[in-house]
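# Breakdown of the fold
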Amino acid sequence: MDPDRFLLRAATPEDLPAFERIAAASAHGITTLPADRAALLDRLQRSQAAFNTPDDASGEEIYLFVLEDAVAGRIVGTSGIAASAGFADRFYAYRNEMVVHASAALGASNRIHTLQLCHDLTGHTLLTSFYIEPEYEGTAAPQLLSRARLLYIAQHAARFSDRIAAESPGLADDQGRCPFWDAVGRRFFGMDYPEAERLTGARNKAFIAELMPQAPIYVPLLPEAAQWAIGQLHPVAELPFSILLDEGFDTETYVDIFDGGPIVDARLAMLRSVAGSRVAALSATDGDGGELHLVATTRQAGLRAVLSPAWLDGAQLRLPAAARTRLGAAAGEVLRIAPLGGQA
Amino acid sequence: MNDERFFASADGSASLRLRRAIGLAQPRWWYHLGQAVHAAPALGILHRQATLQLGNDLTGAGELAELRWDREQPAARQCAVLAELLEAALAAARAAPEGNGRLIVELPGMRDADGRSPFWDGLGRHFYAGDPAEALRQHGPGWRELVAALLPRHRVYTSFLPAAAQAAIGAVDPAQQPWCEVLRAAGARPADQVNIDDGGPVWVIDLR
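In short, a report on the structure. The shown structure was predicted, so the numbers you read here are calculated from the model rather than taken from an experiment.

Let's shift gears to the sheet that holds strand 9 (residues 201-206) of chain B. Residues and elements named next belong to chain B. What the nine strands build is an open sheet, ordered 1-2-5-6-9-8-3-4-7; its pairing is mixed. The open sheet has two edge strands with one neighbour each: strand 1 (4-8) and strand 7 (156-157). Relative to the sheet, helix 1 (residues 75-95) contacts strand 1, strand 2 (14-19), strand 5 (62-69), strand 6 (102-106) and strand 9, its axis offset from that of strand 2 by approximately 20°.

Take a look at the structure:
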């Protein structure tokens, strides 16, 4: 598909029908979108308020984006940002830790894999709510949908943490049965995984601390299926996860306390799209060539971003007329661009 | 005073050692069998879990150890010999009680027909691939410290162990039946500690 047809923009409450459709289409536990109309509308209103308030951020903000396909004439994907993980409380994760037990006399030295309940990711900015319709997975659209968020964070850094994290769903079957949950969480919650998900939503509820042990979990004591599930990705998340890997996120340190899925984390400045991004004013002169780039507006109220050939002519950015129109950008407006690399 | 005294029955068919104040020269290790309660009032949840915590709880107690007896004799005879032995050892212990006035006995735990311990298979084996019995042969009484260095230092929830291992926690090898009877008659009772190798219980006798 021609990358010209896609526009990423800030979501508004008018996008509710599209969000309802997407929340219903995405499998259990795969998205952080609630499948409930009132809850979705609340999110959209919170997101709109976050985009529109010029005040200093409190950390409670969420930002939601939609991806439009101009040819199909509809919204085909969503993504989001939560400014501060576990806002005003704690954000729980398991940290992979190795302890070495050694006895020289017995000639034994063992590395034991443990999972330590931690709050390390509290306050990190979270990438959330990624969903794209399956027929678009092979296009460059997912790159725009995922990575434009990073340009927005980089542009408005004071509203976000300099540490970015993202949760990905772990292994679970269609009924929501999850080997990691069955071996770990179920012991402490005494309920099925979907039920626990429903109760806790975000991973910051006080009863997580009340129910989960503070001592590390010795991984060798878990059943094999649960050991294998630690850090394993649900197959539906392969595409968004691979985009994060390409960005340079670290996948080794944290896993979700419920399903064992990987939680990636990174310093914002080290991410490829951020490190490689440039800010430049839009030239009055049209361009008609150059490498494919992510091109995003720098306004705080309402991000718009497209995929387009672009090149820097000195301090001026040249774009094709069509891209300028889609962005709604006038000559002289400051834009942020990042090369798409080999991803298209 | 010697740290150890050796006792033998009059007919020579049984013997044991009385040790004073164990664990002071070389640390001794047991798992403490405890509980963790996790409650979330908002959810109406209260869960009790049994836990194992490696520690040195019984340091300083006296100990009856290295018991040997002839198991070919009739059961009644075995009990009589063991009672004679225990009485002599207890008399000596009471004559010069240790600081905390307690005497412990580690009882062998459950084994399967091949001599394998389901408790060790379910827990210790994941931390030390070797055989504790072999460690005892090679290193003598200090084996526990060597093996304990490899065992989990943090609290272990027993529900993480296989059912057979959980069942073996605090369970006594049935072959110890005569000795258990004699100990019970002398007022011994199970402590909250179990052996680090086979999960067998520690029994304690209050000397005061």
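Time to look at the packing of helix 1 (residues 16-25) of chain A against helix 2 (residues 37-52) of chain A. Residues and elements named next belong to chain A. Running from amino to carboxyl end, helix 1 crosses helix 2 at an angle of 125°, the nearest separation of the two axes being 10 Å. It follows from the interaxial angle that helix 1 and helix 2 lie oblique. Crossing hand, helix 1 versus helix 2: right-handed. Touching Leu16, Phe19, Glu20 and Ala23 of helix 1 are Arg37, Leu40, Leu41 and Leu44, all from helix 2. The class makeup of the residues in the contact of helix 1 with helix 2 is six nonpolar, no polar and two charged.

As enumerated under the stated definition, the model contains 18 aromatic pairs over all chains in all. A centroid spacing of 5.8 Å and a plane angle of 80° characterise the contact between A:Phe6 and A:Tyr136, whose relative ring orientation is edge-to-face. Remark: A:Tyr136 occurs in the loop between strand 6 (125-132) and helix 3 (141-155) and A:Phe6 occurs in strand 1 (residues 6-10); sequence separation between them is 130 residues. Residue class for A:Tyr136 comes out buried when judged on its relative accessible area of 3%. For the ring pair A:Trp181 and A:Phe189, a centre distance of 5.4 Å and an interplane angle of 45° mean the geometry is tilted. When sorted by exposure, A:Trp181 lands in the same class as A:Phe189, which is buried. Chaining the aromatic ring pairs together yields one cluster made of A:Phe51, A:Tyr63, A:Phe65, A:Tyr152 and A:Phe160. Over the face of the ring belonging to B:Phe160 we find A:Arg187, whose NZ or CZ atom lies 4.3 Å from the ring centre. Sitting over the face of the ring of B:Trp69, B:Arg71 holds its NZ or CZ atom 4.0 Å from the ring centroid.

The next subject is the interface of chain B and chain A. Of the residues lining the interface, 29 residues belong to chain B; the matching set on chain A comes to 28 residues. At the boundary of chain B with chain A, total buried surface from both sides reaches about 2,400 Å², with 70% on carbon and sulfur atoms. Where chain B packs against chain A, one counts zero salt bridges. The interface formed by chain B and chain A holds nine residue pairs in polar contact (both at pLDDT 80 or more) in total. At the level of secondary structure, the elements contributing two or more residues to the side of chain B that touches chain A comprise strand 3 (30-40), strand 4 (45-55), helix 3 (132-139), helix 4 (143-148) and strand 7 of chain B. Residues that form the side of chain B that touches chain A fall into these classes: 19 nonpolar, eight polar and two charged.

Quick notes on the rules
Think of each chain on its own: its residues are numbered from 1, step by step along the sequence as written. Chains and ligands are labelled by the order in which they are written, letters from A for the one and numbers from 1 for the other. This being a predicted model, a pLDDT of at least 70 is required before a residue's local features are given, and a value of 80 or more before pairs of side-chain atoms are given or counted; all residues contribute to the totals for chains, interfaces and linings. Hydrogens and water molecules were not included; the side-chain quantities draw on all heavy atoms of the structure. Two strands form a pair only when DSSP identifies at least two bridges running between them. A helix here means a DSSP run of H or I that spans at least four residues, while a strand means a run of E at least two residues long, and both kinds are numbered starting from the N terminus. Every residue pair with non-hydrogen atoms within 4.5 Å of one another is taken to be in contact. Fitting a line to C-alpha atoms yields each axis, with helices limited to the stretch in contact; the angle taken between N-to-C directions then spans 0 to 180 degrees. These descriptions rest on fixed angle ranges, namely under 35 degrees for roughly parallel, over 145 for roughly antiparallel, 65 to 115 for roughly perpendicular, and the rest for oblique. Should the near helix be turned anticlockwise from the far one by less than a right angle, the crossing is left-handed, and should it be turned clockwise, the crossing is right-handed. In this classification, Asp, Glu, Lys and Arg are treated as charged, Ala, Val, Leu, Ile, Met, Phe, Trp, Tyr, Cys and Pro as nonpolar, and every other residue, Gly included, as polar. A pair of Phe, Tyr and Trp rings is counted when the ring centres sit within 6.5 Å of each other, with Trp represented by its six-membered ring. The angle between the planes then sorts it: under 30 degrees is stacked, over 60 is edge-to-face, the rest tilted. Throughout this description, buried means an accessible area under 20% of the type-specific maximum (1.4 Å probe, protein chains only), exposed means over 50%, and partly exposed covers the range between. Here, a charge over a ring means that NZ of Lys or CZ of Arg falls within 6 Å of the ring centre while also lying within 35 degrees of the ring normal. For any pair of parts, buried area is found by adding up, for both, the accessible area (1.4 Å probe) each one loses once the two are put together. Here a salt bridge means any side-chain nitrogen of Lys or Arg lying within 4 Å of a carboxyl oxygen belonging to Asp or Glu. Polar contacts, as counted here, are pairs of nitrogen or oxygen atoms within 3.5 Å of one another; within protein the pair requires one atom able to donate a hydrogen and one able to accept it, and residues that are adjacent in sequence qualify only if both atoms are side-chain atoms.

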